[in-house]
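Here is what each chain is made of, one letter per residue.
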Amino acid sequence: METTITRPLSQVDEGHTVNIIRIDGGRGLRVRLTTMGLLPNTQVTVIHNGRSGPFVISVKNSKMALGRGIVDKIMVS
Amino acid sequence: MTDSKLKKITVALAGNPNSGKTSVFNMLTGASHHVANYPGTTVETVQGTCTHGDFRIVFVDLPGAYGLTAFSAEELVARKFIIDEKPDVVVNVIDTSNLERNLYLTTQLIELDVPLVLAFNMSDVAEQRGIVFDIARLSELLEAPIVPTIASKTKGRIALLDAIVAEANSPRKSRTHHITYGDEIEDAIKQIEPLVCSEQPALAVKYGSRWVALKLIEQDSDIIAKIKDNRLVDVVSDAVAKLKIIFRDDPEVVIAERRYGFISGACQESVKTTVELTHTTSDLADAVLTHRVFGLPIFMLMMYLVFYLTFSIAAYPMAWLEQFFGWLSISLASVWPAQAGDWLRSLIIDGVIPGVGGVIVFLPNILILFLAIAVLEDSGYMARAAFIMDRLMHKIGLHGKSFIPMLIGFGCSVPAIMATRILENKRNRLTTIMILPLMSCGARLTIYGLLIPAFFPQNWRGPVLWLIYLTGIVLAVIAAKVLRLTVFRGDTTDFVMELPPYRVPTFKSLSAHTWMRCLMYLKKAGTVILAFSIILWVAMNYPRVSEQSVSGLSQDEVRQAQLANSVIGRVGRAIEPVIKPLGFDWKIGTALIGATAAKELFVAQLGIIYAVSSHENASASTLRQHLQADYSSLVGFCIMLFCLISSPCLATIAITRSETSSWFWAAFQFISLTVLAYVVTLMVYQLGSVVMAL
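Residues numbered from 1 in each chain as written. Chains lettered and ligands numbered in written order. Predicted model: local features only at pLDDT ≥ 70, side-chain atom pairs only at ≥ 80, totals over all residues. Heavy atoms only, no water.

(A) Looking closely at the overall build of chain A. A tally of regular secondary structure across chain A gives two helices and six strands. Considering chain A as a whole, with its 77 residues, one finds that 53% of them fall into the buried category. A sequence separation of at least 24 residues applies to 56% of the contacts in chain A between residues at least 6 apart. When the accessible area of chain A is evaluated, it comes to approximately 3,100 Å², of which 48% is carbon and sulfur surface. (Helix = DSSP H or I, 4+ residues; strand = E, 2+ residues; numbered from the N terminus. Buried < 20%, exposed > 50% of the residue type's maximum accessible area, 1.4 Å probe, protein only. Contact = heavy atoms within 4.5 Å. Areas by Shrake-Rupley, 256 points an atom, 1.4 Å probe, with all protein chains shown as cover.)

Here is the structure:
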């Protein structure tokens, strides 16, 4: 099953819901993401995966746009 | 009852961005707004008051924040206000349709143990989404009264005010239970807390020892900086190192998880979602507005609209205002008889009235621009716009939203610099402010309009103008990149932004926003612009030429002699050796200095220098003939280049000063742009001279 493999959020197709395993990145980024509700054991749904550009997810009832640099650092399964 | 008999209650309004905090603030206070800076910061507070029963309640709108960490300036400001100013009550505005995320800030307010009232805003949206609350149970779990509100429809106002008054007057009671963070972290808190009490009693009293201990474990930079005790520092770093090994993660991330754990625990007991909504209207709108093909054109169209409204529509009231102040000067001059050496008359007619006019004339621009920005922000489109532009702007180290002020900069730098308020990050905002004058503004077009036809044949004119604008953009891109790598270094790769649901902006909120910006402009920038105008007027008119030396000369020749004799004329001559390598002589030097008042004055100044009567219809073409006789096309191009890059006009300096609250950044902008202009023009002139000589 593909859902058991840990992979960056950027690899997840539109419409799929995944679980955050960990966030690789500096303290500043991680605290910021955490404050906004992106932290391990949280379910996120990929709404829009533009491959090279826009990335939109839905988490805890709100929609969030993420930069490319970040979606590579969020590891999900 | 008179005002003095009313008891005063201070209330701080805290909440996430997009939680409707400002709408709640407007609902509570009506139109009684007052803008002030937070003590010691550049962040502004908006204050408002209202009277409820026997109480006069002062509301302070804190900056929107997702948490109370020391990582963001806004969050730190909100935190400091709550701790230092000790408001009687903190009202936490919560977007009920997005409860869990919004409650994260609440957990941190609970940790601070402040008297708290929760305003569950947008309860109608939550209801539509099928979310049902057990308010009584939730209120019990969070140990704070909860009041449902719908600020956009002014619902829940009285209930909220009642709750505030009740909370302010109830005796302070400690919380019956804290948020707990698990055994390991609790052990560390237990170990550190007594040390905080014994070694840092002042901190313990001010912030509460448990809170200080928690923040130390979170490695909060602001609190750590306050600790001077080595033993405590050692104990904390030992504890943090131990926790890192246990959790294989930073303790603050674990603590945040526990806070969310507390929230979901509380919500599980008291919140029920009956309908699972998957596709809302907002999602449909996003499918179009952030579409990878259509998104950009739609955005460009929106921007064109903003630009068009700001500059084309505002041009009419601006022209009326200009005419009015011109008329005022002329009519005052006709009723106030001129006497020899009458400095007061000249000061008022030539200095003060045009100065005040110069301030007011920007108002239509600012009013329309901020109305447009308020619509973009309140509707939720701004977040999408930032998102669309981010890929491009990212490459030069700026935020997607920086595009909007940069575009406005082609019209005028003053509203553009004010528009940088949409940028939350200070480094992004300062970088954008610094490079904005490189966007060639409308006033500079008058200079190109004079010089291009004077020095270039018909079919060259378009390309030359295009080259000037392009040079500005290229320099801005390079400057932004350089600034982000040096002075304003910091991470740019993190783009995280909430995309709030689309909403129809309310008239009340739009007018409140716009009105406040206009007021702020008049108060903060207006005074500086006026002061500068008067100083420049003095420098242009003093010392006076003696009566004898100008007797028998025409009016235009008198003006010419006066300018040459003035401080500016003298400085213009003095700097001639410096600007000679650029191909400029004292005449251009003088006009350039005069043009700091406003770029379009460059043309007027040249007119005075060449004693070209301003009343002549053919003044522009006469002036062009003079210029053609004196300078080569290369010099003509260099003048335009210098005007494009060099020190921005004084209104820009004034607005930079007031927006950054720092003379340093205003001076930095002024000096670095002038130096850049000098270097670029020097290279172009010297290289150009060599090429031409071949």
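So that's the structure; there's more coming.
(B) Examining the overall build of chain B more closely. Each helix and strand in chain B was counted, giving 32 helices and 10 strands. Across its three principal directions, the C-alpha atoms of chain B cover 90 × 65 × 55 Å. Every one of the 694 residues in chain B was classed for burial, and the buried ones make up 52%. Taking contacts inside chain B between residues at least 6 apart in sequence as the whole, the part at least 24 apart equals 73%. Side chains of chain B carry 59 positive and 59 negative charges; the gap between the two charge centres is 4 Å. (Lys, Arg positive; Asp, Glu negative; His and termini not counted. Charge placed at Lys NZ, Arg CZ, Asp CG, Glu CD.)

(C) Main features of the pattern of salt bridges. Residues and elements named next belong to chain B. This structure, assessed with the given rule, holds 24 salt bridges over all chains. With a shortest N-O distance of 3.5 Å, Lys-244 and Asp-250 are connected by a salt bridge. Overall, the relative accessible area of 39% leaves Lys-244 in the partly exposed class. Taken together, the shared-partner salt bridges in this structure form one network comprising Arg-79, Lys-80, Asp-220, Asp-222 and Lys-226. (Salt bridge = Lys/Arg side-chain N within 4 Å of Asp/Glu carboxyl O.)

(D) Summary view of the packing of helix 1 (residues 27–35) of chain A against helix 12 (residues 251–270) of chain B. Axis separation between helix 1 of chain A and helix 12 of chain B bottoms out at 10 Å; the angle between their running directions is 0°. The angle between the axes of helix 1 of chain A and helix 12 of chain B places the two elements in the roughly parallel class. Where helix 1 of chain A abuts helix 12 of chain B, its residues A:Arg27, A:Arg30, A:Val31, A:Thr34 and A:Thr35 lie against B:Glu252, B:Val253, B:Ala256 and B:Tyr260. Split by residue class, the contact of helix 1 of chain A with helix 12 of chain B holds four nonpolar, two polar and three charged. (Axes fitted to C-alpha atoms, helices over the stretch in contact; angles between N-to-C directions. Parallel < 35°, antiparallel > 145°, perpendicular 65-115°, else oblique. Nonpolar A, V, L, I, M, F, W, Y, C, P; charged D, E, K, R; others polar.)

(E) Layout of the pairing of strand 3 (residues 43–49) of chain A. The sheet contact formed by strand 2 (residues 17–23) of chain A and strand 3 of chain A spans three bridges and is antiparallel. Along strand 3 of chain A, the bridge assignment pairs A:Asn19 with A:Gln43. (Pairing = 2+ DSSP bridges.)

(F) Representation of the sheet that holds strand 4 (residues 55–59) of chain A. Strand order in the open sheet formed by seven strands is 1(A)-6(A)-2(A)-3(A)-4(A)-5(A)-10(B), with antiparallel pairing between adjacent strands. The sheet is open, and its two edges are formed by strand 1 (7–8) of chain A together with strand 10 (496–499) of chain B, each paired on a single side. Examined bridge by bridge, strand 3 of chain A and strand 4 of chain A share five bridges and lie antiparallel to one another. Note that in strand 4 of chain A the partner of A:Val44 across the bridge is A:Val59.

(G) A look at the nonpolar core. Residues and elements named next belong to chain B. With 108 residues, the main nonpolar core has Leu-451, Tyr-521, Phe-584, Phe-602, Leu-627 and Met-640 as its most contacted residues. Per-element accounting of this core gives the leading share, 11 residues, to helix 30 (residues 633–645). Those residues in contact with Leu-451 that lie beyond four places of it in its chain are Phe-602, Leu-627, Gly-636, Ile-639 and Met-640. In terms of nonpolar packing, the next biggest core, distinct from the first, is built from 63 residues, Phe-81, Ile-189, Ala-213 and Val-271 among them. (Core = buried A, V, L, I, M, F, W, Y, C linked by side-chain atoms within 4.5 Å.)

(H) Seen up close, the packing of helix 21 (residues 442–455) of chain B against helix 30 of chain B. Residues and elements named next belong to chain B. It is at 9 Å that the axes of helix 21 and helix 30 come closest, and there the two elements cross at 170°. Judged on the interaxial angle alone, helix 30 and helix 21 are roughly antiparallel. Counted together, Arg-444, Ile-447, Tyr-448, Leu-451, Ile-452 and Phe-455 of helix 21 and Ser-633, Gly-636, Ile-639, Met-640, Cys-643 and Leu-644 of helix 30 form the full contact between these two elements. Taken together, the residues of the contact of helix 21 with helix 30 sort by class into nine nonpolar, two polar and one charged.

(I) Local environment of the interface of chain A and chain B. Every contact between the two is made by 29 residues of chain A and, on the other side, 32 residues of chain B. Together, the buried faces of chain A and chain B total about 2,900 Å²; carbon and sulfur atoms form 59% of this surface. It is A:Arg27, A:Thr35 and A:Lys63 in chain A that bury the most area against chain B; as a group they hold 23% of the surface buried on that side. Our count for the contact surface shared by chain A and chain B stands at three salt bridges. (Buried area = accessible area lost by both parts, 1.4 Å probe.)

(J) The arrangement of a nonpolar patch on the surface in detail. A surface patch of nonpolar side chains, amounting to about 660 Å² of accessible area, comprises B:Trp466, B:Leu467, B:Leu470, B:Ile473, B:Val474, B:Val477, B:Ile478 and B:Val482. Along the chain, the position of B:Trp466 falls in helix 22 (residues 458–485). (Patch = residues over 30% accessible without salt bridge, like charges linked within 9 Å, V, L, I, M, F, W, Y side chains within 5 Å.)

(K) Seen up close, the packing of aromatic side chains. Residues and elements named next belong to chain B. Overall, the coordinates contain 14 aromatic pairs over all chains when judged by the stated rule. Ring plane angle 55° and centroid distance 5.5 Å describe the contact between Phe-299 and Phe-403, whose orientation is recorded as tilted. Of this pair, Phe-299 sits in helix 14 (residues 295–335) while Phe-403 sits in helix 18 (residues 403–409), and the two are 104 residues apart along the sequence. Of the two residues examined, Phe-299 and Phe-403, each falls in the buried class. On the basis of an interplanar angle of 85° and a centroid distance of 5.4 Å, the ring pair of Trp-665 and Phe-668 is categorised as edge-to-face. Highlighted residues: Trp-665 and Phe-668, both in helix 32 (residues 663–693), separated by three residues, approximately one helical turn. For Trp-665, a relative accessible area of 15% puts it in the buried group. (Phe/Tyr/Trp six-rings, centres within 6.5 Å; stacked < 30°, edge-to-face > 60°.)

(L) Structural context of unusual backbone geometry. All names here are of chain B. The phi angle at Thr-154 is positive, at roughly 55°, despite the residue not being glycine. With respect to the element layout, Thr-154 can be found in the loop between strand 8 (146–148) and helix 6 (157–169). Even without glycine at this site, Gln-219 takes up a positive phi of about 60°. Of note, Gln-219 is situated in the loop between helix 9 (209–217) and helix 10 (221–224).

(M) Seen up close, the side chain of B:Ser19. All names here are of chain B. In this structure, Ser-19 sits in the loop between strand 1 (7–15) and helix 1 (21–29). Looking at Ser-19, the relative accessible area reads 1%, which means it is buried. Within polar-contact distance, the side chain of Ser-19 engages the backbone oxygen of Asn-16 at 2.7 Å. Apart from residues lying up to four places away in sequence, Ser-19 is in contact with Val-93, Ile-94, Asp-95, Asn-102, Asn-121 and Met-122. (Polar contact = N/O pair within 3.5 Å; in protein donor to acceptor, adjacent residues only side chain to side chain.)

(N) Inspection of the confidence of the model for chain B at higher detail. Residues and elements named next belong to chain B. Chain-level statistics for chain B give a pLDDT mean of 83 and a share of 94% at 70 or above. Taken element by element, chain B is modelled with least confidence in strand 2 (residues 33–37), mean pLDDT 59, and with most confidence in strand 5 (residues 89–95), mean pLDDT 94. Confidence estimates for the predicted assembly give a pTM of 0.75 and an ipTM of 0.88. (pLDDT = per-residue confidence, 0-100.)

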